[in-house]
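Okay, here's what each chain looks like letter by letter:
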Amino acid sequence: MGIRDHQWTTAWTITAAAAGISLVAWKVSRRVRNKGEKQITYSLQYAGARGSLPSLYDHTLTPVFTETKGFPKVYSIGGNGTSTEHLEVWVLDSALNKWTEILPASTHDTGAGVFAKRVRHSAAGLGNAIYVIGGYTDKTMGDVLKFDTDKEKWSTPSFLGDLPSPRSSHTATVVGKKVYVFGGSGEKTTFNDVHILDTDTSTWSTPTVLGEPPSPRYSHSAVLVNDDRIIIYGGHNTSAESDIWFLEVETPYVKKQRELLGKEVVAWSKGVIGKSPQPVVICGPSGVGKGTLINKLMKEYPHAFGFSVSHTTRKPRFMEQDGVHYHFAERPDMEAAIQEGKFLESADVHGNLYGTSIAAVEAVADAGKRCILDIDVQGAELVKKSSLNALFIFISPPSFEELEARLRGRGTETEEQIEKRLKNAKKEMERSADTTLFDHLLINDNIDVAYEELKKIMGLDNAAVSNGCKRSEEFQPEGRSGHSASVVKSKVVIYGGLTDGGNTVNDLLVLDTSGLKNGAPGTTRGLVWTRAVLRSDLSKYANLSPTLSPRCSHRVVSLSPTQILLSGGFDGKQALSDSVLLNVNER
Ligand SMILES: Nc1ncnc2c1ncn2[C@@H]1O[C@H](COP(=O)(O)OP(=O)(O)OP(=O)(O)O)[C@@H](O)[C@H]1O
Ligand SMILES: Nc1nc2c(ncn2[C@@H]2O[C@H](COP(=O)(O)O)[C@@H](O)[C@H]2O)c(=O)[nH]1
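Residues numbered from 1 in each chain as written. Chains lettered and ligands numbered in written order. Predicted model: local features only at pLDDT ≥ 70, side-chain atom pairs only at ≥ 80, totals over all residues. Heavy atoms only, no water.

Visitor: Hey, could you run me through the overall build of the protein in this one?
Guide: When its secondary structure is counted, the protein shows nine helices and 36 strands. The buried share of the protein, reckoned over its 587 residues, is 53%. In the protein, of all internal contacts separated by at least 6 residues, the share reaching a separation of at least 24 is 59%. Carbon and sulfur atoms provide 50% of the accessible area of the protein, an area that totals close to 26400 Å². (Helix = DSSP H or I, 4+ residues; strand = E, 2+ residues; numbered from the N terminus. Buried < 20%, exposed > 50% of the residue type's maximum accessible area, 1.4 Å probe, protein only. Contact = heavy atoms within 4.5 Å. Areas by Shrake-Rupley, 256 points an atom, 1.4 Å probe, with all protein chains shown as cover.)

Visitor: Honestly, the site of ligand 1 in this entry has me stumped. Any pointers?
Guide: The local shell around ligand 1 holds 14 residues, among which S286, K290, G291, T292 and N444 are the closest. Residue S286 places a side-chain N or O atom 2.6 Å away from an oxygen atom belonging to ligand 1. R406 is positioned with one of its side-chain polar atoms (N or O) 3.3 Å from a nitrogen atom of ligand 1. Contact with the protein chains removes 72% of the 640 Å² of surface that ligand 1 exposes when unbound. Looking at the shell around ligand 1, the elements that each hand over two or more residues are α2 (290-300) and α6 (400-410). A total of three residues in the shell around ligand 1 trace back to one element, the largest contributor, which is α2. Of the residues in the shell around ligand 1, the class split is three nonpolar, six polar and five charged. (Near = heavy atom within 4 Å. Polar contact = N/O pair within 3.5 Å; in protein donor to acceptor, adjacent residues only side chain to side chain. Nonpolar A, V, L, I, M, F, W, Y, C, P; charged D, E, K, R; others polar.)

Visitor: How do you make sense of the nonpolar core when you look at a structure like this?
Guide: Most often, soluble globular proteins have nonpolar side chains that are buried together. Core analysis: the biggest nonpolar cluster contains 25 residues, and L297, F305, I372, I393, L454 and M458 have the highest contact counts within it. Among the elements of the structure, β20 (280-283), α2, β27 (391-396), α6, α7 (415-430) and α8 (447-457) are those that each provide at least two residues to this core. Those residues within four positions of L454 in sequence are excluded, and the remaining contacts are I282, L293, L297, I393 and L442. Within the second largest apolar cluster, 17 residues are counted, among which are C283, L344, V377 and F392. (Core = buried A, V, L, I, M, F, W, Y, C linked by side-chain atoms within 4.5 Å.)

Visitor: Just checking my understanding: could you explain the packing of aromatic side chains for this structure?
Guide: The description of an aromatic ring pair uses the distance of the two centres, along with the angle that the planes make with each other. Scanning all chains against the criterion turns up 13 aromatic pairs. Each ring, one from F394 and one from F438, has its centre 5.1 Å from the other, and the planes form 65°; the classification is edge-to-face. Of this pair, F394 sits in strand β27 while F438 sits in the loop between α7 and β28 (440-443), and the two are 44 residues apart along the sequence. On the accessibility criterion, F394 (0% relative accessible area) is buried. The cationic tip of R120 hangs over the ring face of Y136; the distance from NZ or CZ to the ring centre is 5.3 Å. (Phe/Tyr/Trp six-rings, centres within 6.5 Å; stacked < 30°, edge-to-face > 60°. Lys NZ or Arg CZ within 6 Å of the ring centre and 35° of its normal.)

Visitor: For this particular structure, what's the right way to read the packing of α6 against α7?
Guide: Axis angle and axis distance: for two packed helices, these are the angle between their axes and the distance between the axes, and together they describe the pair. Contact geometry of α6 with α7 gives a least axis separation of 11 Å together with a crossing angle of 150°. In this view, α6 runs roughly antiparallel relative to α7, as classed from their interaxial angle. In this structure, the crossing between α6 and α7 has a hand that is right-handed. Counting all contacts with α6, which are made through F400, L403, E404, L407, R408 and R410, the residues of α7 involved are E415, I418, R421, L422, A425 and K426. Residues of the contact of α6 with α7, tallied by class, amount to six nonpolar, no polar and six charged. (Axes fitted to C-alpha atoms, helices over the stretch in contact; angles between N-to-C directions. Parallel < 35°, antiparallel > 145°, perpendicular 65-115°, else oblique. Left-handed = near helix turned anticlockwise from the far one by under 90°.)

Visitor: In this structure, what is going on with the pattern of salt bridges? I would like to understand it.
Guide: It is possible for side chains of opposite charge to pair when their charged atoms get near one another. Under the counting rule described, the total for this entry stands at 31 salt bridges. The closest approach of N and O atoms between D143 and R118, which form a salt bridge, is 2.7 Å. Of this pair, D143 sits in strand β9 (residues 140-148) while R118 sits in the loop between β6 (98-102) and β7 (122-126), placing them 25 residues apart in sequence. Since its relative accessible area comes to 27%, D143 is described here as partly exposed. (Salt bridge = Lys/Arg side-chain N within 4 Å of Asp/Glu carboxyl O.)

Here it is, written out as structure tokens:
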């Protein structure tokens, strides 16, 4: 994708060289309308007009907010592009719009001379401390440096615990007082591990990681959303990645697991574009007719619904097929998988272990179908607390005698089992009227009447879904690495990067996370991509048309809830010196 995809509007250009000020500014705007959404305006202007940053890429930008000022100071550390041998530190006073170099010779107190030039490191700012983690000098680095922004001094702090192994092009994201390091490239390995630095205790730890992690990668982006999860987008492994991942660090699920396991926990959830139909939990005592009703639904709407195939330790009944009716499992195996966080819920039911694996629910959602779960009340309670935003229906028999007659009539259980099931049925029936758990109570007396009622509850009383729930074709940008990401309200703004084939790009992508649903354990759905195309009035400003050229390895930082600073980058041939403000306004 090239510049032809972008049209720009030059609103104004000023050069005030005569006044001794090199100020070049422009304003470019584009209104992006999404169905039912507010109008968003993206506008660009140059920053750092009074004293500029040298051409740099593979550097870091870290904002440091002081209590007295609304605008942060932004520290640029290291990077490629200049001929200096030392680790450069530049500071932008965003209120004054001025970049100044902090001279390292006067600020370094280790006695070991100035630190050598470093690239592809990460930097995490907490208060007046900026931690510079890893990176590359003449080899891949595994050390951590600390820059005190008040004293303008470097130090090499000591830590408890094991530091991440040497790496570059990784990410470090600040959440509260902790720094989460993910991925990166070692001398011979590419990583997908997670390390946590607790800056309160100066301790590094490796957390218990729940869920399926993304593939190893470097030059990805990582930003915090919702204050509880880090979005990892793109990056490079053997090719440019286009997937979206959530590293959950403070979500209710992670907090609960941390409490249960008594140790540091993070959980992965894969980001999925678009909404998926709401899953349905069907609950009710054994023998009430849940399976019978679900079978009718599957028969009438084979393309619309998918059954979540549970795991169980009970033995298969005659005609039951492994992988179709249940995944029949041995208890130790199932317990181990539950411990590993692979289950959405599990419960001891009538003396056996039953559970819904995350994979079972995902398989249905991935097929674009509405997921039906047939589980007991304990399972329903757990699902209610999980991130699965389901519809809960309790099926009741017309009488207890009728329930017993159906269970006996089915002829699948021994007398002992029947008695156990009937005893449990009484307890389950007591929960049927719990409106905090169940959205609907349905009495299965006459099967045809009950089925029609079920269809009504599920919104199927017209023919609209008979062809299934077709997935909408969502816009999916091409994979990339070396791009930038920043957050404006619930939107992640991605700029540029390097695609497969070595092309640098200059598209502005917006990932809307306002519709986030689900999450770990499982996937995070409801993400929407849009491409913000900047429009121009070329007829009026043909010879002044400014462009923000294609680039990778640039850096961005949020200055305010609506303003992003972008600096430097590499266009495939040379380092770039732009410092640009991107204003994102929602009306
Ligand atoms: N409305 C109904 N009237 C009469 N019989 C019914 C009705 N609904 C279901 N049945 C019968 O009741 C028996 C139990 O039904 P089903 O197996 O669907 O129950 P279930 O709720 O899925 O039980 P379980 O929880 O043990 O799996 C079956 O033999 C089925 O044919
Ligand atoms: N909590 C869960 N309960 C489940 C699951 N799968 C089935 N069930 C419930 O078990 C009983 C008995 O089923 P049966 O096939 O042995 O008759 C029934 O009430 C089901 O709803 C599950 O994954 N989790």
